[in-house]
Amino acid sequence: MQDTYKHKGLRRQLINELKEKGINDQRILDAFDAIPRHFFLDLAFLEQAYSNMAFQIGAGQTISHPFTVAFQTSLLEIVKGHKILEIGTGSGFQTCVLCHMGAKVFSIERQKELHVKSKKIIKDLNFNPRLSYGDGYKGWPVFAPFDSILVTCGAPFIPEDLKNQLKIGGKLVIPLGEGSIQRMKRIIRLDEKTFEEEDFGDFKFVPMLKDKAN
Ligand code: SAH
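Just so you know, these numbers come straight off a predicted model, no measurement behind them.

## What about helix 2 (residues 26-34)?
Among the residues of helix 2, Ile28, Leu29, Ala31 and Phe32 are the ones counted as buried. Within helix 2, the buried residues cover an arc of 155° as seen down the axis, which keeps them to one side. Those residues of helix 2 that are buried lie in contact with helix 1 (5-20), helix 5 (66-76) and helix 6 (93-100).

Structure (structure tokens):
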């Protein structure tokens, strides 16, 4: 696939839209400028094909909505070198944004086909996250604790395993709720046992599913 001046122009336009919507972290905007988003789009459609009809529209909007990626990223307050666990590699676009910002990224995907395809695209773009094919509900205990954990699918509840894999001061960004609309939550671990919860409004995500489908 080619990255042309036309694509670069479209990215500039997108960046201006993100700025208008309140995304002002230059490192996030730089990542959107650098990463050729169109490389990932076929995969996003592929993921929709896996969803049932009820989720198809939501899935399309969620995956292709750059503002959601930018907004979730801003909630993480990434510092270079941070260890970040992403649940739902999907197309791999969000993974690349985190890598571009200098984070050490670990990402889990439960659909084998997406895991395999995103791995190739991410490698072709010269990013080097650790990718796993598995169930995100369990997190990735061998690499815990994490500075932040980013869930990119709608979770019916907040998995205890994910909370427990946060560093003290670490943040879990998670769209919470079953059905077509979720509330964006940020959970901050204040100490071993205390967690603070913030709410950032309504978003649409594909569901976080249990067990492996294939
Ligand atoms: N970050 C992705 C978003 C993909 S949509 C991107 O930038 O494209 C959410 C993804 O979460 C889907 O690929 C879906 O297969 C995956 N997913 C759903 N339940 C999961 C689970 N329990 N563990 C890991 N991934 C899951």
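## Examining the site of the ligand
The immediate surroundings of the ligand are formed by 25 residues, with Glu86, Ser91, Glu109, Gly136 and Leu209 found nearest. Within the side chain of serine 91, a nitrogen or oxygen atom sits 2.7 Å from an oxygen atom of the ligand. For the ligand, the protein covers 97% of the area, taking 580 Å² as the surface of the free molecule.

## A look at the pairing of strand 6 (residues 182-189)
Both faces of the sheet carry side chains from a regular strand, because those side chains alternate between them. Counting buried positions along strand 6 yields 7 of 8 residues, so the element is predominantly enclosed. As paired strands, strand 5 (residues 166-176) and strand 6 are joined by 6 bridges and run antiparallel to one another. For lysine 171, the partnering residue across the bridge sits in strand 6 and is isoleucine 188. The loop that links strand 5 with its antiparallel partner strand 6 comprises 5 residues; one of these, glycine 177, has a positive phi angle of about 140°.

## Some words on the pairing of strand 5
In terms of strand pairing, strand 4 (residues 146-151) meets strand 5 through 4 bridges, oriented parallel. Among the inter-strand pairings, isoleucine 149 is bridged to a residue of strand 5, identified as leucine 172.

## Description of the nonpolar core
Counting 36 residues, the largest nonpolar core has Leu18, Ile23, Phe32, Ile35 and Val97 as the members making the most contacts within it. Secondary structure elements with two or more residues in this core: helix 1, helix 2, helix 5, helix 6 and helix 7 (112-124). Of all the elements, helix 5 adds the most residues to this core, at 6 residues. Apart from residues no more than four positions distant in its own chain, valine 97 is found in contact with Ala31, Phe32, Ile35, Val69 and Thr73. Membership of the second largest hydrophobic core comes to 19 residues, among which are Ile87, Phe106, Tyr137 and Leu172.

## A closer look at the sheet that holds strand 5
Strand order in the open sheet formed by 7 strands is 3-2-1-4-5-6-7, and the pairing between neighbours is mixed. In this open sheet, the two strands that pair with only one neighbour each are strand 3 (130-133) and strand 7 (195-203). Between one strand axis and the next, the sheet turns through 15° on average, direction left out of account. The strands that helix 5 touches are strand 1 (83-87), strand 4, strand 5, strand 6 and strand 7; relative to strand 5, the one it contacts most, it runs at about 155°. Its contacts with the sheet put helix 7 on strand 2 (104-109) and strand 3, and the angle it makes with strand 3 is roughly 165°.

## Comments concerning the pattern of salt bridges
Under the definition given, this model contains 15 salt bridges. Notably, a salt bridge pairs arginine 11 with aspartate 3, separated by 3.0 Å at the nearest N-O pair. Here arginine 11 falls in the buried class, since its relative accessible area comes to 6%. For aspartate 3, a relative accessible area of 29% gives the class partly exposed.

## So, helix 7
Between the first and last C-alpha of helix 7 there are 19 Å, a value that for 13 residues agrees with the 18 Å anticipated at 1.5 Å per step. Looking only at helix 7, the buried set comprises Leu114, His115, Ser118, Ile121 and Ile122. Here the buried residues of helix 7 occupy an arc of 140° about the axis, which is enough to place them on one side. Pointing more than 90 degrees away from the buried face of helix 7 are the exposed residues Lys120, Lys123 and Asp124. Of the residues one or two after helix 7, asparagine 126 is the one with positive phi, at around 70°.

Scoring rules and cut-offs
- Residues numbered from 1 in each chain as written.
- Predicted model: local features only at pLDDT ≥ 70, side-chain atom pairs only at ≥ 80, totals over all residues.
- Heavy atoms only, no water.
- Buried < 20%, exposed > 50% of the residue type's maximum accessible area, 1.4 Å probe, protein only.
- Helix = DSSP H or I, 4+ residues; strand = E, 2+ residues; numbered from the N terminus.
- Arc of directions from axis to C-beta.
- Contact = heavy atoms within 4.5 Å.
- Near = heavy atom within 4 Å.
- Polar contact = N/O pair within 3.5 Å; in protein donor to acceptor, adjacent residues only side chain to side chain.
- Areas by Shrake-Rupley, 256 points an atom, 1.4 Å probe, with all protein chains shown as cover.
- Pairing = 2+ DSSP bridges.
- Core = buried A, V, L, I, M, F, W, Y, C linked by side-chain atoms within 4.5 Å.
- Axes fitted to C-alpha atoms, helices over the stretch in contact; angles between N-to-C directions.
- Salt bridge = Lys/Arg side-chain N within 4 Å of Asp/Glu carboxyl O.
- Expected span 1.5 Å × (residues − 1).

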